[in-house]
Amino acid sequence: MPIRPSHCIAMILALLTCCLLITDCVIAANATMSPAQVALYQGADREKILIEGAKKEGAFMLYGSHSWYRNIAKEFEKKYPFIKTTEYRTDGRTLIKRAIEENKAGQYIADVIATTGEQMDVMKREGLFLEHWTTDARAYPDDVKIKGKNGFYYVGHYETYVSLGFNTSAIPPAEAPKSMADLLNPKWKGKMSIVNTTTGTRWIGNTLEIFGRDYLDKIAEQDIKVQNMAGAALAGLVVSGEVPLSPTIFDANITQAKQKGAPVDWRPLEPVVTTVAYSGLLAKAPHPHAALLFIDYIHSKEGQQLMMKGGLWSPREDIGSLAQKFKKSYIDEKYSVEEAEKKYAEWDGLMQKLFMRRK
């Protein structure tokens, strides 16, 4: 049967259309995704795409407020040796100030910010974070996942506690305070310190709300010294014995010090101030692929097990952390950002009035 010219034209047009569709698919497959698309990508080749991008980036910058991030970064670099991690570590209050000021000035330096919830909430309000996906998010409770329209602004990756750290060479464990009431014993007058960072402010607020203003007035008479340093630095003074005891010490700092043989111990004076730390991807991150790989890593089971070696506690529901046998106070979760700002201003004022008035 002879082929009509009209049929030939139709076949040619069909072939051309097919070729164009194939070309479009190839172009689409090879097209570079925007940072926002990469951040939310959930395909099976997610890690492959992130690795390819991270190899080109070669590095990323982490802003964090805990000393253990250095250890996490070292293990991350072993797994991904083509990525160099640069870390800027300071207390949460200084971190917020720097991150917001840089963003307003158009200086996009940080890729990932990792700090506690109230700090993250303020930066989220300022528009610093980009919604993203993390592979193991399903293993975390909704309480520690701050959701956006399509992904997460940040997901919790550790929980830690602030209470009594003391030097066992200076204070035998049997004699160390066992409750908040014990801190009022005259023998501890002039021997305690607290930090003036958000850790100290949070402790002031928790003490005020749980024990009342009368207790706060009494403990202020114990000549507590306010130290202008991060909690980890104050823990170092407890290790050296320069500060015999402090009620504003993270259990993780004491765990790390004890692992090195330091004469220190930590004791929960109930209810213990409990904080959750989160990690978020900066909206203008200069190294988004490497940053997302890091976020995936710290939320993985491997990353969480490493986190726990630093004395931190994992929010993952499949890790099987030993439950802490003491009452906790999640003071940050009680307030909105606006309410928290007012509360922190009030508590900072009390620190100035009651604890720094003699200086």
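Only a predicted model underlies this, so the values are computations on that prediction, with no experimental measurement involved.

(A) Molecular detail of the packing of aromatic side chains. Taken as a whole and judged by the stated rule, the model has 16 aromatic pairs. Consider the rings of Y161 and F326, whose centres lie 5.2 Å apart with planes at 90°: the pair is edge-to-face. With a gap of 165 residues between them, Y161 in strand β5 (residues 152-167) and F326 in the loop between α11 (301-309) and β11 (328-329) connect regions that are remote in the sequence. Residue class for Y161 comes out buried when judged on its relative accessible area of 1%. Members of the aromatic cluster, connected to one another through ring pairs, are F60, F76, Y80, F82, F294 and Y297. The residue whose ring lies beneath K55 is F82, and the NZ or CZ to ring-centre distance is 5.5 Å. One Lys or Arg, K124, reaches over the ring of Y153 and ends 4.9 Å from the middle of that ring.

(B) Seen up close, the side chain of D332. Locating D332 in the fold gives a position in the loop between β11 and α12 (337-355). Here D332 falls in the buried class, since its relative accessible area comes to 13%. Apart from residues no more than four positions distant in its own chain, D332 is found in contact with E118, R202, T275 and Y344.

(C) Geometry of helix α8 (residues 231-240). Those residues of α8 that sit buried are G231, L234, A235, L237 and V238. Relative to the axis of α8, the buried residues are bounded by an arc of 155° and lie together on one face. Of the surrounding elements, those touching the buried residues of α8 are β5, β6 (193-195), β7 (225-227), β8 (245-250), α9 (251-259) and β9 (264-267). Looking one or two residues past α8, G241 carries a phi angle of roughly 90°, positive in sign.

(D) Representation of the packing of helix α7 (residues 198-220) against α12 within the structure. Interhelical geometry of α7 versus α12 gives an angle of 60° and a closest axis separation of 9 Å. The pairing of α7 with α12 is recorded here as oblique in orientation. Crossing of α7 against α12: the hand is left-handed. For the contact of α7 with α12, the class distribution of residues is twelve nonpolar, four polar and eight charged.

The rules we used
- Residues numbered from 1 in each chain as written.
- Predicted model: local features only at pLDDT ≥ 70, side-chain atom pairs only at ≥ 80, totals over all residues.
- Heavy atoms only, no water.
- Phe/Tyr/Trp six-rings, centres within 6.5 Å; stacked < 30°, edge-to-face > 60°.
- Helix = DSSP H or I, 4+ residues; strand = E, 2+ residues; numbered from the N terminus.
- Buried < 20%, exposed > 50% of the residue type's maximum accessible area, 1.4 Å probe, protein only.
- Lys NZ or Arg CZ within 6 Å of the ring centre and 35° of its normal.
- Contact = heavy atoms within 4.5 Å.
- Arc of directions from axis to C-beta.
- Axes fitted to C-alpha atoms, helices over the stretch in contact; angles between N-to-C directions.
- Parallel < 35°, antiparallel > 145°, perpendicular 65-115°, else oblique.
- Left-handed = near helix turned anticlockwise from the far one by under 90°.
- Nonpolar A, V, L, I, M, F, W, Y, C, P; charged D, E, K, R; others polar.

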